[in-house]
Every structure is written in C-alpha cells, then in structure tokens.
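# Structure assessment
Chain by chain, the residues:
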Amino acid sequence: MSLPTNLVTIHPYFKTHPGKQEQAECLLRDFVDKTRGEEKCLFYEFTVLEDRVFCREGYEGAEGVLHHLDNVGEILGKMLEISELTRLEFHGPAGEIDRLRGPLGHLNPDWYVLHSGLER
C-alpha cells in the first residue's frame, strides 16, 4: 500500500474503568461510524486486550488529524468518562507534527518525528 508522504498517525491507548467494557464497545462502533465519511482518513481500527483499547489510525497530514478530532469530539468525551487515556502518540513528518503541537499540545502527547523508512 502506498501512503502519502504527509501521513500522520495517532496512537491513543485507553484503559476502561471496571464494568464499562460493554459501553466502550458501543462507543468504538460509534467512533468508526462517525469516522467513515472523513476523506482524509486513510485507516482507522480498534484492537482490544481485556480492559485496554488501542486505536490505529492514519490521516493525510495535520489537517486530516485536526478534522478527525473535531469530528469525534463528542464521542471522545464519552469515552473519557468511562476510561483513562493512558498514552497518546502522534507520528509523522516534522512539518506536519509541528502544525499539531500548538492546537494539541494541551493533550501532552509524545511527538514522534519521521526519521527514515521503506515504502512498497
């Protein structure tokens, strides 16, 4: 799969509160449904291990990331009521990451800047 050179990925990790896994599963479906129409979303999926939830998601540039977070804000708020965000990472080219630092810095994420890679 060929990905755009401005690809930015988000890596959020959640830990659901005891007894809230069923609610979380419903919200995961809501996240997917809400994200489905986003043109700049390249991939979006959840994986679960017991009470831990991970979202693997990629966007065309910082613009795609910011649009997505605005789009799912209400659902994210509900998710944060029933879980804890234990880790948050943004990965991408320096220019795109720099465009996110201001608007998303309050989230205190880890910023990973692309160094090198291989494309097929």
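Placed above this text is the structure.
Residues numbered from 1 in each chain as written. Predicted model: local features only at pLDDT ≥ 70, side-chain atom pairs only at ≥ 80, totals over all residues. Heavy atoms only, no water.

### Quick look at the packing of aromatic side chains
The final tally for this structure, using the stated rule, is four aromatic pairs. Here the aromatic rings of F31 and F46 are separated by 5.6 Å at their centres, their planes lie at 45°, and the arrangement is tilted. Taken together, the residues span a long stretch of sequence, with F31 in helix α1 (residues 21-35) and F46 in strand β2 (residues 41-49) at a distance of 15 residues. For F31, a relative accessible area of 4% translates into the label buried. Ring-pair connections join several aromatic residues into one group, and the members of that group are F31, Y44 and F46. When the ring centre of F43 is taken as origin, the NZ or CZ atom of R56, which lies over that ring, is 4.4 Å away. (Phe/Tyr/Trp six-rings, centres within 6.5 Å; stacked < 30°, edge-to-face > 60°. Helix = DSSP H or I, 4+ residues; strand = E, 2+ residues; numbered from the N terminus. Buried < 20%, exposed > 50% of the residue type's maximum accessible area, 1.4 Å probe, protein only. Lys NZ or Arg CZ within 6 Å of the ring centre and 35° of its normal.)

### A short note on helix α4 (residues 94-104)
Of the residues making up α4, those classed as buried are E96, I97, L100 and L104. Along the axis of α4, the buried positions cluster into a sector of 95°, meaning they face one direction only. (Arc of directions from axis to C-beta.)

### A look at the sheet that holds strand β3 (residues 52-60)
Ordered in space as β2-β3-β1-β4-β5, the five strands form an open sheet in which the pairing is mixed. Each edge of the sheet is formed by a strand with only one pairing partner; in this case those strands are β2 and β5 (110-113). Neighbour-to-neighbour, the strand axes of this sheet turn through a mean angle of 15°, independent of strand direction. Contacts from helix α2 (residues 61-71) reach β1 (7-16), β2, β3 and β4 (83-92) within the one sheet, and its direction differs from that of β3 by about 135°. (Pairing = 2+ DSSP bridges. Axes fitted to C-alpha atoms, helices over the stretch in contact; angles between N-to-C directions. Contact = heavy atoms within 4.5 Å.)

### Description of the pairing of β2
Here eight bridges tie β2 to β3, and the two strands are oriented antiparallel to one another. Considered in β3, the bridge of Y44 is made with E57. Between β2 and the antiparallel strand that follows it, β3, lie two residues; E50 among them carries a positive phi value of about 55°.

### Let's talk about the side chain of T16
Secondary-structure assignment places T16 in strand β1. The class for T16 is buried, based on a relative accessible area of 4%. A distance of 3.1 Å separates the side chain of T16 from the side chain of Q21, its partner in a polar contact. For T16, the residues in contact, after removing those within four places along its chain, are Q21, A24, D51, V53, M79, I82 and S83. (Polar contact = N/O pair within 3.5 Å; in protein donor to acceptor, adjacent residues only side chain to side chain.)

### Examining the packing of α1 against helix α3 (residues 73-82)
Look at α1 against α3: their axes get within 10 Å of each other, and the N-to-C directions meet at 160°. The angle between α1 and α3 falls in the class roughly antiparallel. The way α1 lies across α3 gives a crossing that is left-handed. Contacts between α1 and α3 involve Q23, A24, L27, L28, D30, F31 and K34 from the first element and I75, L76, K78, M79 and I82 from the second. Across the contact of α1 with α3, the residue classes break down as eight nonpolar, one polar and three charged. (Parallel < 35°, antiparallel > 145°, perpendicular 65-115°, else oblique. Left-handed = near helix turned anticlockwise from the far one by under 90°. Nonpolar A, V, L, I, M, F, W, Y, C, P; charged D, E, K, R; others polar.)

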